[in-house]
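# Per-entry structural report
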Amino acid sequence: MKIARKLLVLGAFAVTASLAAQPARPQTTAPTEQQLKAVFVFNFSHFVAWPQNSFATPSEPFAIGVLGGDAFAAELEEAVRDERVDTHPLVVRRLHSIADIADCRILYIDRSQGAGLERMLPQLQQRGLLTVSDMEGAARQGVIIELASEKSRIRLVINPDSAHDAGLTISSNLLRLAKVARTGQ
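Each chain carries its own residue numbering, running from 1 in the written order of its sequence. For a predicted model such as this one, the threshold for reporting local features is a pLDDT of at least 70, and the threshold for listing and counting side-chain atom pairs is 80 or more; totals across whole chains, interfaces and linings nevertheless cover every residue. Side-chain metrics in this entry use all non-hydrogen atoms of the structure; hydrogen atoms and water are not considered.

Turning our eyes to something else, we now look at the pattern of salt bridges. Criterion for a salt bridge: a side-chain nitrogen of Lys or Arg within 4 Å of a carboxyl oxygen of Asp or Glu. By the definition in use, this model includes 10 salt bridges. Measuring nitrogen to oxygen at the nearest pair gives 2.4 Å for the salt bridge that ties Arg-81 to Glu-78. Judged by its relative accessible area of 27%, Glu-78 is partly exposed. Residues Asp-103 and Arg-93 are paired through a salt bridge, measuring 3.0 Å at the closest nitrogen-oxygen approach. Taken together, the residues span a long stretch of sequence, with Asp-103 in the loop between strand 4 (88–95) and strand 5 (104–109) and Arg-93 in strand 4 at a distance of 10 residues. Using a 1.4 Å probe on the protein chains alone, a residue whose accessible area is under 20% of its type maximum counts as buried, one over 50% counts as exposed, and one in between counts as partly exposed. Residue Arg-93 is classed as partly exposed on the basis of its relative accessible area of 27%. A cluster of three or more residues bridged by salt bridges with shared partners is formed by Glu-33, Lys-37, Arg-111 and Asp-134. Secondary structure elements follow DSSP: runs of H or I of four or more residues count as helices, runs of E of two or more count as strands, with numbering from the N terminus.

Here it is, written out as structure tokens:
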């Protein structure tokens with residue numbers, strides 16, 4: 001997993017996302033789609049700016065919540081092990097409902113939560129929370145970043161209006177690599 005994360009450097013998101021479709025080299029294994037998505041979510045912590053008052057202390061954990069998707073949470077835990085965002089240690093929280101979000105900075109909403117997405121999103125707005133999902137059409141519904149699977153690749157679809165409403169600033173380097181979506185389009 002650490003190898004896949006290291007491959008995801010600035011400007012290489014689209015190239016790395018296609019690695020899962022490449023034949024494995026001898027004695028190496030191509031990362032799975034879940035591993036790649038976990039690495040994407042980890043890297044978003046470095047390409048999004050949160051409001052300055054987001055953390056009470058310099059050592060407060062940078063929490064990533066996972067709603068649904070225990071297998072994904074396990075991959076994400078591996079991706080963020082021993083990692084930091086500035087002075088904040090990264091932690092993964094497995095959530096059972098949005099009431100459990102508390103201090104999360106990123107919320108990954110698994111596709112298994114699709115039926116409740118429309119009801120969930122209004123409760124998440126203006127919380128300084130980066131929402132990420134792999135549900136088809138999630139960005140058009142108001143999720144900030146959608147991890148869209150397309151021809152064995154992971155494509156980013158970003159809703160900049162939702163990011164603005166959450167008080168987040170997405171790096172232009174990340175925006176350049178993504179398709180832009182607007183809520184309701």
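Let us look at the packing of aromatic side chains. Pairing of aromatic rings covers Phe, Tyr and the six-membered ring of Trp, with a centre-to-centre limit of 6.5 Å; geometry is then stacked below 30 degrees between planes, edge-to-face above 60, and tilted otherwise. All chains considered together, the criterion is met by 4 aromatic pairs. Note on Phe-55 and Phe-62: the rings are 6.1 Å apart at their centroids and 35 degrees apart in plane angle, and the pair reads as tilted. Judged by centre distance (3.9 Å) and plane angle (20 degrees), the ring pair of Phe-72 and Tyr-108 falls under stacked. Of this pair, Phe-72 sits in helix 4 (residues 70–80) while Tyr-108 sits in strand 5; the two residues are 36 residues apart in sequence, bridging distant segments of the chain. On the accessibility criterion, Phe-72 (0% relative accessible area) is buried. Among the aromatic residues, those joined into a ring-pair cluster are Trp-50, Phe-55 and Phe-62. Should the NZ of a Lys or the CZ of an Arg lie within 6 Å of a ring centre and within 35 degrees of the ring normal, that charge is described as sitting over the ring. For the cation-ring pair, Arg-105 lies above Phe-55, with the distance from its terminal atom to the ring centre recorded as 4.0 Å.

This part is about helix 4. Phe-72, Ala-73, Leu-76, Ala-79 and Val-80 are the residues of helix 4 that are buried. For helix 4, the angular spread of buried residues about the axis comes to 120 degrees, placing them on one side. Turned more than 90 degrees away from the buried face of helix 4, the exposed residues are Asp-70 and Ala-71. Looking at the residues trailing helix 4, positive phi occurs at Asp-82, about 65 degrees. Arc, as used here, means the arc of the directions from the helix axis to the C-beta atoms.

Our focus in this paragraph is the sheet that holds strand 2 (residues 62–67). Between any two strands, at least two bridges found by DSSP are needed for them to pair. Overall, mixed pairing links the 8 strands, which are arranged 3-4-2-5-6-7-8-10 in an open sheet. The sheet is open, and its two edges are formed by strand 3 (84–85) and strand 10 (179–180), each paired on a single side. Pairing of strand 5 with strand 6 (residues 130–133), which is carried by 4 bridges, proceeds in the parallel orientation. By the bridge assignment for strand 6, Leu-107 is matched with Thr-131. The contact definition used throughout considers only heavy atoms, calling two residues in contact when any of these lie within 4.5 Å. Axis definition: a line fit to C-alpha positions, over the contact stretch in the case of helices; interaxial angles, taken between N-to-C directions, run 0 to 180 degrees. With respect to the sheet, helix 3 (residues 33–47) is in contact with strand 2, strand 3, strand 4, strand 5, strand 6, strand 7 (145–150) and strand 8 (153–158), its orientation differing from that of strand 7 by roughly 150 degrees. In the packing of helix 4 onto the sheet, contacts are made with strand 2, strand 4 and strand 5, and the angle to strand 4 comes to roughly 170 degrees.

Expected span of a helix: the number of residues minus one, times 1.5 Å. Helix length check: helix 3, at 15 residues, gives a terminal C-alpha distance of 21 Å against a target of 21 Å (1.5 Å per residue), a fit within 8%. With 12 of 15 residues buried, helix 3 is to be regarded as a mostly interior element. Burial in helix 3 covers these residues: Gln-35, Leu-36, Lys-37, Ala-38, Val-39, Phe-40, Val-41, Phe-42, Asn-43, Phe-44, Ser-45 and Phe-47.

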